[in-house]
Amino acid sequence: MVANSNSNIPIALTIAGSDSGGGAGIQADLRTFAFHCVHGTSALTCVTAQNTLGVNRVDALSPEAVVAQIEAVATDIGISAVKTGMLLNSEIIAAVAQTIEKLENLQVVVDPVMVSRSGVQLIDDEAVETLRETLIPQATIVTPNRYEAQILSGLEIRDLEEMRSAARCIHHLGAGTVLVKGGGMSGNIRGVDLWYDGQNDETLKTETVDTPHTHGTGCTLSAAIAANLALGCELREAVGRAKQYLTQALKHSLAIGQGQGPVGHFFPLLDEFRQP
Ligand SMILES: Nc1ncnc2c1ncn2[C@@H]1O[C@H](COP(=O)(O)OP(=O)(O)OP(=O)(O)O)[C@@H](O)[C@H]1O
Ligand SMILES: Cc1ncc(CO)c(N)n1
C-alpha cells in the first residue's frame, strides 16, 4: 500500500522547558499541537523535576544547545508559528530572541513565563529585563498572566480596569497584541482575559470552570494560539479558538497526583478510548 503522505501539514515550534509531570511545558505544547493536527517541533530550554505539587529542581541547557535545536528545525523542516514558554535565564532569552529574529514569515507567541500561579517569581530581574527588551518587541502576541502583567507593566492588577491599563503599558514594549490572562483573578472575572491590539480592547470570556486542576492552562492556551496561527487563522480567531479548546480541556481536567492536576488535552478522543 502506498502511504497517503502529507507534505502540507502546518508546522509549529515550541521553545520551552520539560515538565516531568506531563502537565505543562513542552509536554502540554506538543499534545496541544497534535490535537490541532499541527506537526509539533521543539527546542528544550531546561528540564524540570516537577509534579502536581510543585517544581523540585531545574536544570538549564546551554543557550548554544537551545539555538542549535531551533536552527536544526528551521533550516530543514520550516516553521510558520512559534511559541516560547519557560526560557529561564537572560542568556537563553537573548539567544532565542536573536535566533528567531532571523526567521522570515514567522508568527511569534510569547508566553512570558516568569511567575508561578502562586505568585512566586521564577526568573531573576535581569531575565525580566532581557525579555522586555529583546523578545516582547518581536511578539505577534504576548500572553502574561496576572502576576507577569504586574511585573511587565509595574501596575497592580485587581480588576478588569487594571488589566486594561496593564495591557496598554505592555503594548508600549512593542508587542503587536497583548492578552492579559485572568486565570489568577477571583470572583466573576476568574477566567476572563483582556485583549488589546493597540487600537481596541476586548474582554474574552468563555465560562469559569470550577476546578483546582488548572496546571498547564497558560502553556496550553499559548500553544493552541500558535497551532491556530500555523493553520492559517487570523490572530483574533486563533485566540478565540484557543480559548474554546482550553475551556474544554479544563472541563476535562485530570484529578491526578496530590496537588493541582493538569488540564485534559485529549477530551476529543475520550468517547473513543474511554476505559470500560
Ligand atoms: N478556572 C478557570 N475557568 C476558565 N478559564 C480559566 C480558568 N483558569 C484559567 N483559565 C484560563 O486559562 C488561560 C490561562 O490563564 P492563566 O491565568 O491560568 O495562565 P497562567 O497562570 O500562565 O497558567 P499556568 O498555570 O499554566 O502558568 C486563560 O485563558 C484563563 O482565562
Ligand atoms: C516547564 C514548565 N513550563 C511552564 C510552566 C508554567 O505553568 C511550568 N510549570 N513548567
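Note that the structure is predicted; figures quoted are calculated from it, not measured.

Time to look at the overall build of the chain. Along the chain, the regular secondary structure elements total nine helices and nine strands. Compactness check: the chain gives a C-alpha radius of gyration of 18 Å against a globular reference of 19 Å for 276 residues, within 12% of the reference. Its C-alpha atoms give the chain principal-axis dimensions of roughly 60 × 50 × 40 Å. Out of the 276 residues in the chain, the part that is buried amounts to 50%. Long-range contacts, defined here as pairs at least 24 residues apart, represent 67% of the contacts in the chain between residues at least 6 apart. Split by element, the accessible area of the chain, about 12600 Å² in all, is 49% carbon and sulfur.

By volume, the second largest pocket amounts to about 150 Å³. If one sorts the elements of the lining of the second largest pocket by residue count, helix H2 (residues 63-76) sits on top with three residues. Across the lining of the second largest pocket, the residue classes tally to four nonpolar, three polar and three charged.

Moving on, we come to the pattern of salt bridges. Evaluated as defined, the whole model comprises 13 salt bridges. Between arginine 158 and glutamate 156 there is a salt bridge; the shortest N-O distance is 3.7 Å. According to the relative accessible area criterion, arginine 158 is exposed, its value standing at 51%. A salt bridge links aspartate 201 to arginine 168; its shortest N-O distance comes to 2.7 Å.

With that settled, the discussion passes to the packing of helix H1 (residues 25-34) against helix H7 (residues 217-230). Interhelical geometry of H1 versus H7 gives an angle of 40 degrees and a closest axis separation of 9 Å. One finds that H1 runs oblique with respect to H7. H1 and H7 meet at a crossing whose hand is right-handed. On H7, the residues that touch Gly25, Ala28, Asp29, Thr32 and Phe33 of H1 are Cys219, Thr220, Ala223, Ala224, Ala226 and Ala227.

What counts, and at which threshold
Residues numbered from 1 in each chain as written. Chains lettered and ligands numbered in written order. Predicted model: local features only at pLDDT ≥ 70, side-chain atom pairs only at ≥ 80, totals over all residues. Heavy atoms only, no water. Helix = DSSP H or I, 4+ residues; strand = E, 2+ residues; numbered from the N terminus. Rg over C-alpha atoms; globule rule 2.2 N^0.38 Å. Buried < 20%, exposed > 50% of the residue type's maximum accessible area, 1.4 Å probe, protein only. Contact = heavy atoms within 4.5 Å. Areas by Shrake-Rupley, 256 points an atom, 1.4 Å probe, with all protein chains shown as cover. 1 Å grid on protein atoms, 1.4 Å probe; cavity = no way out; pocket = protein on both sides within 12 Å on 5 of 7 lines; lining within 4 Å. Points joined across faces, edges and corners; volume = space filled by probe spheres on them. Nonpolar A, V, L, I, M, F, W, Y, C, P; charged D, E, K, R; others polar. Salt bridge = Lys/Arg side-chain N within 4 Å of Asp/Glu carboxyl O. Axes fitted to C-alpha atoms, helices over the stretch in contact; angles between N-to-C directions. Parallel < 35°, antiparallel > 145°, perpendicular 65-115°, else oblique. Left-handed = near helix turned anticlockwise from the far one by under 90°.

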